[in-house]
Amino acid sequence: MIQFQNIQKSFRVADRDVPALQGIDLEIEAGEVFGIIGHSGAGKSTLVRLINLLERPSAGQVLIDNIDVTALSASALRAMRQNIGMIFQHFNLLASKTVTENIAWPLKIAGWEAAAIAPRVREMIARVGLQEHAHKYPAQLSGGQKQRVGIARALATRPKILLCDEATSALDPQTTRSVLDLLADINRELRLTIVLITHEMDVVRRICDRVAVLDGGRVVELGPVAEVFLHPKHPTTRGFVFEAEHVDETEQYDDFAHVPGRLVRLTFTGDTTYAPLLGEVARDTGIDFSILAGRIDRIKDTPYGQLTVAFSAGDIDAALAQLSARGLSVEELR
Amino acid sequence: MAFFTNVDWAEIGQASLDTLTMLGGSLIFTILLGLPLGVLLFLTARRQLLEQPILYAALSFVVNVLRSVPFVILLIVMIPLTVLIAGTSLGVAGAIPPLVVGATPFFARLVETALREVDRGIIEAAQAMGADTKQIVFGALLPEARPGILAGVTVTAITLVSYAAMSGVIGGGGLGDLAIRFGYQRFQTDVMVVTVLLLLALVQVLQMIGDRLVIHYSRK
């Protein structure tokens, strides 16, 4: 659906070219929620703006449905942008217009008939749950309500793609959750492709299907969220997971130094998360185990558990082989 | 000496009316010319929608030149042009062209400044929706900058009141003319006091109306 092909982008600052993106190759599938995570300055803001060409690449191509958007004429580009919604960290609503007028604006730009605009705006206001606030001005709304207006505005023209530029970074955790739930619902209902940039792993974990980790203008890790989240490889990715989980592995290993036995990290995903596997295997193989650290949570719709366990006594090798065979990911730590 | 013995109230009334006519007439033309000029200055500036460095530099230069000419000088220099436009350089009609030329660059700068206050994110959002420049100007920039532009209109109107009074120097009519001919040249202090008080009242009223409008249209 969206393809980046060998994208280079640099900005001219004080007569020098400062690279922002260095050789990005990515493909985003139709209907998925694709997360791009990175620290500020990693280039994620630039990357998302290449899709609707708010930024132009210095080299390389951006294809949407196999059309090279960098080659479009000005009017074709405007027509294409009318089919890509975008929401922003600071909402970017018109302060001088009401909620209704704000949502009607993209429809006017796209040249809809006045008679068609009013019912569509009402429909969108109802979809984001702001019926009570239709005639208020943005200044009278909370942050979460403003972002709901932003979402209704972005989706009013029935776009196929929604770009989210740090859409929840200005919101408190509870509001973030409700806005993400709304986005996830909309993704399912409309089979909408969502590209979301963020610096919070928690946002990625809650709604993304796949994630790309951006660092220094390059994609350093890419894959399904569960894979990247549970088995982070790049130091930057580990940093993000740590921030989300408040787990510092090196610190933990120091704490476990005096614990006897073999230290293993077990990762359960899906149905195995709730199965009594550890107990069954322990009875079978006569091992003892103590759980040193662990977490059980969900990644989007998939439950997962990750336990750091010390095994002692019994046939540990057989136990690990059994756990592996039953679908767990087994990593020996010590 | 009894107060106000020299004051011819009928003449004061006529002069007040003339001042209001000069103010209204010149304000309308100033807005009609200054608003598009201000929008053009904003759009052609560096890193804006229609970035045109040479055009911007040229417009900016003309605006600066006109703004740096003292208004009294402009009044005199413009007399031939004024005669061409208004048919006369005297009275109410003769005052309006120099007032407009004097105030338009000033107002255009105020408009440009007000537009720069609009959050860039709003322009970006409009671009992301596929808006063209015209849709961005009329749909976002002007409505969002309306309080700032109204404040600019207020400041410009008040400047025009003092410019209009100055045009009395070349026989422009109105309260300023009265103040110069009677108050200054014939030493009739009471006429001077009355005209100044009326001008003061006019400025107060304009400022009050302007402030009310700005508050009415501010949604922040």
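Residues numbered from 1 in each chain as written. Chains lettered and ligands numbered in written order. Predicted model: local features only at pLDDT ≥ 70, side-chain atom pairs only at ≥ 80, totals over all residues. Heavy atoms only, no water.

**Q** Whenever I open this one, the packing of helix α3 (residues 99-109) of chain A against helix α7 (residues 133-166) of chain B confuses me. Can you help?
**A** If you want to describe how two helices pack, look at the angle between their axes and the distance between the axes. Between α3(A) and α7(B), the least distance of the axes is 12 Å, while the angle of their chain directions is 165 degrees. As the angle between them shows, α3(A) and α7(B) are arranged roughly antiparallel. α7(B) is crossed by α3(A), and the crossing has right-handed handedness. Of the residues in α7(B), those in contact with Trp105(A), Lys108(A) and Ile109(A) of α3(A) are Gln135(B), Gly139(B) and Ala140(B). Split into classes, the residues belonging to the contact of α3(A) with α7(B) amount to three nonpolar, two polar and one charged. (Axes fitted to C-alpha atoms, helices over the stretch in contact; angles between N-to-C directions. Helix = DSSP H or I, 4+ residues; strand = E, 2+ residues; numbered from the N terminus. Parallel < 35°, antiparallel > 145°, perpendicular 65-115°, else oblique. Left-handed = near helix turned anticlockwise from the far one by under 90°. Contact = heavy atoms within 4.5 Å. Nonpolar A, V, L, I, M, F, W, Y, C, P; charged D, E, K, R; others polar.)

**Q** Help me out: how do you make sense of the layout of surface pockets in this one?
**A** Reported here for the largest pocket is a volume of approximately 1,200 Å³. Contributing to the lining of the largest pocket are 31 residues, with Leu54(A), Arg47(B), Arg120(B), Glu124(B) and Gln127(B) lying nearest its centre. At the level of secondary structure, the elements contributing two or more residues to the lining of the largest pocket comprise α2 (74-81) of chain A together with α6 (120-128) and α7 of chain B. No other element matches α6(B), which puts five residues into the lining of the largest pocket. Within the lining of the largest pocket, the residues separate by chemical class into eleven nonpolar, seven polar and 13 charged. (1 Å grid on protein atoms, 1.4 Å probe; cavity = no way out; pocket = protein on both sides within 12 Å on 5 of 7 lines; lining within 4 Å. Points joined across faces, edges and corners; volume = space filled by probe spheres on them.)

**Q** Can you help me understand the interface of chain A and chain B in this one?
**A** Counting from both sides, the interface comprises 22 residues of chain A and, opposite them, 19 residues of chain B. Where chain A abuts chain B, roughly 1,900 Å² becomes buried across the two surfaces, and 60% of that area is made up of carbon and sulfur atoms. For the pair chain A and chain B, the interface holds one salt bridge. Across the salt bridge formed by Arg49(A) and Glu124(B), the nearest N and O atoms sit 2.5 Å from each other. For the interface between chain A and chain B, the tally reads six residue pairs in polar contact (both at pLDDT 80 or more). Tallying contributions element by element places α3(A) first for the side of chain A that touches chain B, with four residues. Split into classes, the residues belonging to the side of chain A that touches chain B amount to twelve nonpolar, four polar and six charged. (Buried area = accessible area lost by both parts, 1.4 Å probe. Salt bridge = Lys/Arg side-chain N within 4 Å of Asp/Glu carboxyl O. Polar contact = N/O pair within 3.5 Å; in protein donor to acceptor, adjacent residues only side chain to side chain.)

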